[in-house]
Amino acid sequence: MIRLKVNGVAHEVVAAPGQRLSDVLRNDLALVGTKVGCDAGDCGACTVLLDGEAVCACLTPIAQTLGRQIETIEGMQRPGPSALQRAFLRHGAAQCGICTPGMVMAAEALLRKDSRPDRGAVETALGGVLCRCTGYAKIVDAVLDAAGSGAGPEPDAAASVGARVERLDGVAKVLGAERFGADDLPQDALWVRAIRSPHAAAEFAFGDLKAWAAAHDVRVFTAADIPGRNETGVIPAFVDQPALAEERVRLVGEAVALVAGARETVLALDVAKAPVSWMPVTGLLDVQEARAEGAAQLHERRPDNLLIAGAVRCGDAAQAVSEAAHVVSGSFETSHVEHAYIEPEAGAAWMEGDVLNIRACTQAPVLDRDETAKILGLAEEKLRIRPAATGGGFGAKLDLSVQPLIGLVTLLTGKPSVMVYSRAESMRASTKRHPAQMGASLAADAEGRLTAMLFDGDFDTGAYASWGPTVAVRVPVHACGPYAVPNYAAEARAIHTNGPIAGAFRGFGVPQAAVLQETLLDDLARKLAMDRLAIRRKNALRESDLTVCGQTVKGVGIGACLAALQPRWDAAQIEVADFNVRNAGTKRGIGVASCWYGCGNTALPNPSTMRIGITAEGRIRLHQGAMDIGQGSNTVIAQIAADAVGLPVHRLDLVDADTALTPDCGKTSASRQTVVSGKAALLAGQALRAQILQMANMGSDACLTLAAGQLRIAEAGEVRKIDLSALPVGAEGYVLMAQETYDPPTEALDENGQGVPYAVYGYGAQLAEVEVDLALGTVKVRKITAAHDLGRVINPLLAEGQIEGGIAQGLGMALMEEFVPGRTENLHDYLIPTIGDMPEVVSHLIEVPDPEGPMGAKGLGEHVLIPTAPAILNAITDACGARITKLPARPDRVLAAIKAARRHGG
């Protein structure tokens, strides 16, 4: 028995002296505001105060807390958010919210010691807490604001579209009350772990699992226990991945069996010692091996290990290149990149009557339901997905993880079950960004106008399809960048290997292609002796231009984005030249890169449905099934709906994603939710408003007011009232309701990639300023100026946060992130940007309305990552002549490139 004092309250718990404080807080005291992201002290999500000092609860043995004061995020409520937590809300410092409790506690410890810290002190104090969403800037601003050292914006609570509305779901995030996949677990649940392959390619056979299970007081489940189809995938035509492997594994970490039992038993068990006989075979670990003649085939129905090839062709690119006045060519290679969300995959399953309920972190609840139901042999109405809050996703939580596994255990035992991945398991089993091997040629006339481009790329899609088809099709559409290219030929292939499964990751392959295309554009500018920003402005798509797919584009904002960078470009060139004259050991450089990105599925149906209703009591509810994974859909879509109806956004009650309660809003992917679900919310809101105005016989300019049981409609001095309690209640529980569906108008692409792949495109451009240490090869990004065209800025506060967060991930891709199976399966060896790595970010929000987007809006989430890495690489070349041809630009690669440039007189 150990006595603790937590948040001023005494507790007694039964625990071993060496037990982690995080375990005791979460599992014994139900203080789940303390999050666990790594159990290794790497992420800082579990930060609590011990006698006022910030410590990682996962590294603190319970014995070290005896007689000391423990404070957790739950102790910060006074009774609502503290001044510090209010500042986090004002600044949009919480996105997905999984790291927020750790950030708040680290900041609280600082402010108690130093009531007026400067920016450097804040960055130092928070440096041990990782955030994958925000880019850290708004977190630092919030702490400075709370200390009275910074300016705190005051939101207009009555405004909607265009206002800096605080995140509507933000209070729970800053209080640590948001419930993620590992936070709400049924009592007496069976804990589930997977037995996973240690080999990239192997055949296997089970020994006496029954005896092993009995000896350890657990149950074991294999593919033989699966009642439905043991094959799943995110794209119906490419379903190929077993929930549990049968006789053969194709990658390290593939699950072959499940172990279920009491929590303490299962967590203590060494599942690697289960009776499994492994017979390894030689795996194919890169695309060149996989494409070689005579290579082993991972899937019999996919010859040459080719999953799919995508292509776009217009004009005669080969001839145009051969006849061009100027041509540059190059190749580039990128690596596996880990999503590194701070929340590992987790969830719970239980029965309610004959309906299986699953609560887990996800980006796609309807896809989860449909695919899990097929695996478990259930009718869709017998399975309910009730998503937990999602602690970051960035694409990887589009694929199934724990859902079919805990579903199987609960379905077969009738008991609740729980599965929580460790950090290593998450990194071993989840999807990655596609490594790419690409080559291209870019041609221009004597005046620097682009005439042609050739692009060819192999993308390592790993053992199973996942989102490989989407990458292969999307890359050729976008590989030209947001430029007019009259002659174009691009092909991208998704190739199977025995490497990690490569899936969706913020950009679906476009960031990889942009690195090659934008660095070649710099080479072309140098060959022409032309300013690098000027060549982009000369060739940027313009209104009503034809894209390489033959589509006429409207609402084109790339020109405005590039123009917004011109003042800083001009000033930075002068500053860089002055610095470089005065410094020999370090050199500075500037780089620029552009992006465009189609919002939504590529040339495929992409519908979303929204429901909005008013109750007899006078409450208005929005059934918002578009998963908010930190990007802000709960707020942005509500803002659109509120303006469409004509009521303040804070009057809306949100009904969160739940397959039993919300219509299908599609997947949170491809920067589609603001555009597609936002348009559905706009149509639903307009339809509800039209009903109200018709009932009141009022005109379109009428003003609505909702009070208890009454709707007031006023126009031109005339007021009419609707007694809501007197109206009949419909089947959905509303007296007034509208439900609308929106599907963007696209067209299928022909064999040459001609058609209308997307209804809406977003545009952007970024300017990077870097400093390179010529002796060490280290690169410090000093400043990034980002201009992004949002069409209509629904919420500037959240838009800035998306830009800063996307730049952080792009910086990681450029300089440090490289996943190597077996070597970087933790957040210590796999490096992501910390608060100290981030440069100053200056955002320019450009508004060139799109005629199709809701209120003119365009997507943003993926666009902001695309130009960051190429802008940084172009700045490195500008600084020291180093031409990087493989990401990330580690110091050793930068040094090698500097030496190569010197040898060639660069």
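Enquirer: Could you give an account of the sheet that holds strand β15 (residues 346-352), naming the residues involved and the relevant values?
Expert: Spatial strand order, β8-β10-β6-β18-β15-β16-β17: 7 strands in an open sheet with mixed pairing. The open sheet has two edge strands, β8 (219-222) and β17 (383-385), and neither has a second partner. Shown here is a sheet whose adjacent strand axes are inclined to one another by a mean of 25 degrees, direction ignored. Contacts from helix α11 (residues 365-376) reach β16 (355-360) and β17, with the element oriented near 150 degrees to β17.

Enquirer: Before we move on, can you summarise the environment of A10 with the specific residues and values?
Expert: Within the secondary structure layout, A10 lies in strand β2 (residues 9-13). As for A10 and V174, which are separated by 164 residues in sequence, their C-alpha atoms are 25 Å apart. Filtering out sequence-adjacent residues up to four positions away, A10 remains in contact with L4 and K5.

Enquirer: Account for unusual backbone geometry, naming residues and giving values.
Expert: Generally, phi is negative for residues other than glycine and the peptide bonds are trans, each holding for most cases. Omega for the bond connecting L887 with P888 falls within 30 degrees of zero, at 0 degrees, which places this linkage in the cis form. Within the secondary structure layout, P888 lies in the loop between α21 (868-880) and α22 (891-903). We note that N7 has phi near 55 degrees; this positive angle belongs to a residue other than glycine. Locating N7 in the fold gives a position in the loop between β1 (2-6) and β2. Of note in the backbone geometry, D217 takes a positive phi value of approximately 55 degrees without being a glycine. Within the secondary structure, D217 sits in the loop between α7 (209-215) and β8.

Enquirer: Any chance you could break down the sheet that holds strand β9 (residues 248-249) for me, citing the residues and the numbers?
Expert: In spatial order, the strands read β9-β7-β11; together these 3 strands make up an open sheet with antiparallel pairing. Because the sheet does not close on itself, it has two edges, and the strands there are β9 and β11 (276-280). Bridge analysis of strand β7 (residues 202-206) against β11 gives 5 bridges, and the strand direction is antiparallel. If you follow F204 over to β11, its bridge partner there is W278.

Enquirer: So, the packing of helix α16 (residues 532-539) against helix α17 (residues 558-582): which residues are in play, and what are the values?
Expert: Look at α16 against α17: their axes get within 11 Å of each other, and the N-to-C directions meet at 165 degrees. Regarding the angle of α16 to α17, the classification is roughly antiparallel. Like other packed secondary-structure pairs, α16 and α17 cross with a definite hand, here left-handed. Taken together, the residues of α17 that come into contact with α16 (itself represented by R532, L533, R536 and R537) are L562, A563, L565, Q566 and W569.

Enquirer: So, the pairing of strand β25 (residues 620-623): which residues are in play, and what are the values?
Expert: The pairing of strand β24 (residues 608-614) with β25 spans 4 bridges and is antiparallel. Of the residues in β25, the one forming a bridge with G613 is R621. Hairpin connection, β24 to β25: the antiparallel pair is bridged by 5 residues, and G618 has positive phi, about 95 degrees. Note that β25 and strand β26 (residues 652-655) share 4 bridges and pair parallel. Bridge pairing in β26 places R621 opposite D653. Handedness of the crossover joining β25 and β26 through helix α18 (residues 633-645): right-handed.

Enquirer: So, α22: which residues are in play, and what are the values?
Expert: Here α22 spans 18 Å end to end across 13 residues, near enough to the 18 Å set by a 1.5 Å rise per residue. Of the positions making up α22, those classed as buried are R893, V894, A897, I898 and A901. Projected down its long axis, α22 carries its buried residues within an arc of 140 degrees, all on one side. Every exposed residue of α22 that faces more than 90 degrees away from the buried side is listed here: K899, R902 and R903.

Enquirer: Can you break down the side chain of H434 residue by residue, with the values?
Expert: Here H434 lies in the loop between β19 (432-433) and β20 (436-444). Apart from residues lying up to four places away in sequence, H434 is in contact with T334, S335, F459, D460, T461, W467, G468, V471, A502, G503 and Q512.

Enquirer: Account for the packing of aromatic side chains, naming residues and giving values.
Expert: Enumeration according to the criterion identifies 6 aromatic pairs in this entry. Aromatic side chains F204 and W278 sit 5.5 Å apart centroid to centroid with 45 degrees between the ring planes, which places their arrangement in the tilted category. With a gap of 74 residues between them, F204 in strand β7 and W278 in strand β11 connect regions that are remote in the sequence. Clustering of aromatic rings is evident, with ring pairs tying together F204, F206 and W278. Just above the ring of W191 sits the side chain of R263; from NZ or CZ to the centre is 5.0 Å.

Enquirer: Go over the pattern of salt bridges with me, naming the residues and quoting the values.
Expert: Within this structure, the stated rule accounts for 57 salt bridges. In this structure, the salt-bridge partner of D240 is R302, at a minimum N-O distance of 2.6 Å. Remark: R302 occurs in the loop between α9 (287-291) and β12 (306-314) and D240 occurs in the loop between β8 and β9; sequence separation between them is 62 residues. Assessed through its relative accessible area of 6%, R302 is described here as buried. The network of salt bridges with shared partners includes R291, R313, D456, D458, E491 and R493.

Enquirer: Describe the nonpolar core, and please don't skip the residues or the numbers.
Expert: Residues F88, F455, Y488, V772 and I876 are the most contacted members of the largest nonpolar core, which totals 171 residues. Among the elements that line this core, the one with the most residues is helix α15 (residues 510-527), at 9 residues. Ignoring anything within four residues of it in the chain, the contact list for I876 reads V770, V772, V779, L815, G881, A882 and A889.

Definitions and limits used
Residues numbered from 1 in each chain as written. Predicted model: local features only at pLDDT ≥ 70, side-chain atom pairs only at ≥ 80, totals over all residues. Heavy atoms only, no water. Pairing = 2+ DSSP bridges. Helix = DSSP H or I, 4+ residues; strand = E, 2+ residues; numbered from the N terminus. Axes fitted to C-alpha atoms, helices over the stretch in contact; angles between N-to-C directions. Contact = heavy atoms within 4.5 Å. Parallel < 35°, antiparallel > 145°, perpendicular 65-115°, else oblique. Left-handed = near helix turned anticlockwise from the far one by under 90°. Right-handed = clockwise from strand over helix to strand, strands pointing away. Expected span 1.5 Å × (residues − 1). Buried < 20%, exposed > 50% of the residue type's maximum accessible area, 1.4 Å probe, protein only. Arc of directions from axis to C-beta. Phe/Tyr/Trp six-rings, centres within 6.5 Å; stacked < 30°, edge-to-face > 60°. Lys NZ or Arg CZ within 6 Å of the ring centre and 35° of its normal. Salt bridge = Lys/Arg side-chain N within 4 Å of Asp/Glu carboxyl O. Core = buried A, V, L, I, M, F, W, Y, C linked by side-chain atoms within 4.5 Å.

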